[in-house]
Amino acid sequence: MPNSSSVSEFLLLAFADTRELQLLHFALFLGIYLAALLGNGLILSAVACHHRLHTPMYFFLLNLALLDLGCISTTLPKAMANALWDTRAISYQGCAAQVFFFLFFISAEYYNLTIMAYDRYVAICKPLHYGSLLGSRACAQMAAAAWGSGFLNAVLHMANTFSLPLCQGNAVDQFFCEIPHILKLSCSDAYLREVAALVFSASLAFGCFVFIVLSYVQIFRAVLRMPSEQGQHKAFSTCLPHLAVVSLFVSTAMFAYLKPPSISSPSLDLVMAVLYSVVPPVLNPLIYSMRNQELKEALWKLMFRCVSGE
């Protein structure tokens, strides 16, 4: 990975100066991380162990749980280790790996959310075509496309970013290696190439968001034609939280990566990063399972088996 700079490590954002506050941040991040591990781990176990859940919807939910685990495991463990051991350092290679894996998981997750919106659209608006449009082969191909697109997106941005010469120090004002903050350290106009790549990726993300919104608009129109108020309430209570999380994810990520430097501040950047990188992996298991009776029953059966030792 060529780079003409002499940077061998980066310094991440320090959350606090006092030891007590550092340990408090460690405990907070640990609680959040364990909650994400538990929630997504339970979904993975329930979907994998119960044949009734081997359907397209749960297949994509399983992929979402895997991607959530990967995304949050890329950023929080290093932040926790730095807070615990009172350090800010991350190696150059470690920073490059963090950028790659974070972009890989978060991009693939967003594409997977787009596919999940399509799955719900077909299930509600075109139920007679569900089996033909979302057969096992089609689901596998769509999931592979999501993971593959995430991989290509991560390679593109990581290669662009870490080919730049860096001469503005090595302090990254974020709790993980985030591309906009690394670009601030560049001393070459070549960083505009990565900015153009970010704009291109943001355009694709916005296109996916439009597709998701249009899918849910069609779903809501179909739901409003339902004669059963209970069915309407169930559909709205399930779809609206999904749309809210996707909207939060897209708006905060785009703001973090495309905002002009003039409105940047450490506290604002930190809040935006937490909202798009930490909150979704914790909330997704709750939103996608709390109102899902089949999944809740599967989880109860799974926990009963664990307790009874069967």
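Here the structure is a predicted model, which is why all the values come from computation and not from measurement. (Residues numbered from 1 in each chain as written. Predicted model: local features only at pLDDT ≥ 70, side-chain atom pairs only at ≥ 80, totals over all residues. Heavy atoms only, no water.)

Participant: Explain the overall build of the chain to me, please; I cannot follow it from the model alone.
Facilitator: A tally of regular secondary structure across the chain gives 11 helices and two strands. Along the chain, helices (α) and strands (β) appear in the sequence β-α-α-β-α-α-α-α-α-α-α-α-α when read from the amino end. Here the C-alpha atoms of the chain give a radius of gyration of 21 Å, agreeing with the 19 Å that 2.2 N^0.38 yields for 310 residues. For the chain, the spread of C-alpha atoms along the principal axes amounts to about 65 × 45 × 35 Å. Counted over contacts in the chain with a minimum sequence separation of 6, partners at least 24 positions apart contribute 77%. For the chain, the exposed surface amounts to about 15,000 Å²; the carbon and sulfur share of it is 68%. (Helix = DSSP H or I, 4+ residues; strand = E, 2+ residues; numbered from the N terminus. Rg over C-alpha atoms; globule rule 2.2 N^0.38 Å. Contact = heavy atoms within 4.5 Å. Areas by Shrake-Rupley, 256 points an atom, 1.4 Å probe, with all protein chains shown as cover.)

Participant: Could you clarify how one ought to interpret the nonpolar core in this entry?
Facilitator: If you look at soluble globular proteins, the nonpolar side chains tend to sit buried side by side. If you look at the biggest cluster of nonpolar residues, it comprises 90 residues, and the most contacted ones within it are Phe10, Tyr110, Phe162, Tyr276 and Leu295. By residue number, the principal contributor to this core is helix α3 (residues 92-125), which donates 18 residues. Filtering out sequence-adjacent residues up to four positions away, Leu295 remains in contact with Ile43, Ala46, Val47, Leu53, Tyr58, Leu61, Tyr288 and Ser289. (Core = buried A, V, L, I, M, F, W, Y, C linked by side-chain atoms within 4.5 Å. Buried < 20%, exposed > 50% of the residue type's maximum accessible area, 1.4 Å probe, protein only.)

Participant: Explain the state of the cysteines here, please?
Facilitator: Each disulfide consists of one covalent bond between the sulfur atoms belonging to two cysteines. All told, the structure shown has two disulfides when counted by the stated rule. Linked covalently through their sulfurs, Cys95 and Cys177 form a disulfide whose S-S length is 2.0 Å. Its S-S torsion of approximately -130° makes the covalent link between Cys95 and Cys177 left-handed. Remark: Cys177 occurs in the loop between α5 (136-161) and α6 (179-183) and Cys95 occurs in helix α3; sequence separation between them is 82 residues. One disulfide in the model links Cys167 with Cys187; its S-S distance is 2.4 Å. Here Cys167 is found in the loop between α5 and α6, whereas its partner Cys187 is found in the loop between α6 and α7 (191-224), with 20 residues between them in sequence. When its relative accessible area of 41% is taken as the criterion, Cys187 is described as partly exposed. When the bonded cysteines of the chain are numbered from the N-terminus onward, they pair as 1-3, 2-4. (Disulfide = S-S within 2.5 Å.)

Participant: Looking at this structure, how should I read the pattern of salt bridges?
Facilitator: If the charged atoms of two oppositely charged side chains come close together, the side chains can form a pair. Going through the model one piece at a time under the given rule, you end up with two salt bridges. Between Asp269 and Lys259 there is a salt bridge, and its shortest N-O distance comes to 3.1 Å. Note that Asp269 is positioned in helix α9 (residues 266-277) and Lys259 in the loop between α8 (229-258) and α9, a separation of 10 residues in sequence. Judged by relative accessible area, Lys259 falls into the buried class, the value being 15%. (Salt bridge = Lys/Arg side-chain N within 4 Å of Asp/Glu carboxyl O.)

Participant: Would you mind going over the confidence of the model for the chain with me for this structure?
Facilitator: If pLDDT is low for a region, its predicted coordinates should not be looked at in detail. Confidence in the prediction for the chain averages 86 pLDDT; 94% of positions are at 70 or higher. Looking over the chain, one finds the lowest element-wise mean pLDDT in helix α11 (residues 293-308), namely 73, and the highest in α5, namely 94. (pLDDT = per-residue confidence, 0-100.)

Participant: Can you help me understand the packing of helix α1 (residues 19-49) against helix α10 (residues 279-289) in this one?
Facilitator: In a packed pair of helices, the relevant descriptors are the angle between the two axes and the axis-to-axis distance. It is the contact of α1 with α10, at a shortest axis distance of 9 Å, that shows an interaxial angle of 40°. Comparing the axis directions of α1 and α10 gives the class oblique. Between α1 and α10 lies a crossing whose hand is left-handed. Residues Ile32, Ala35, Ala36, Gly39, Asn40 and Ile43 of α1 pack against Pro281, Val282 and Pro285 of α10. Here the residues of the contact of α1 with α10 are counted per class, giving seven nonpolar, two polar and no charged. (Axes fitted to C-alpha atoms, helices over the stretch in contact; angles between N-to-C directions. Parallel < 35°, antiparallel > 145°, perpendicular 65-115°, else oblique. Left-handed = near helix turned anticlockwise from the far one by under 90°. Nonpolar A, V, L, I, M, F, W, Y, C, P; charged D, E, K, R; others polar.)

Participant: Looking at this structure, I do not really get the environment of Pro56. What am I missing?
Facilitator: For Pro56, the location among the structural elements is in helix α2 (residues 56-85). Among the residues examined, Pro56 registers a relative accessible area of 15% and is labelled buried. For the pair Pro56 and Met116, spaced 60 residues apart in the sequence, the C-alpha separation amounts to 9.0 Å. Among all residues touching Pro56, those that are not within four sequence positions of it are Asp119, Tyr130, Leu134 and Cys139.

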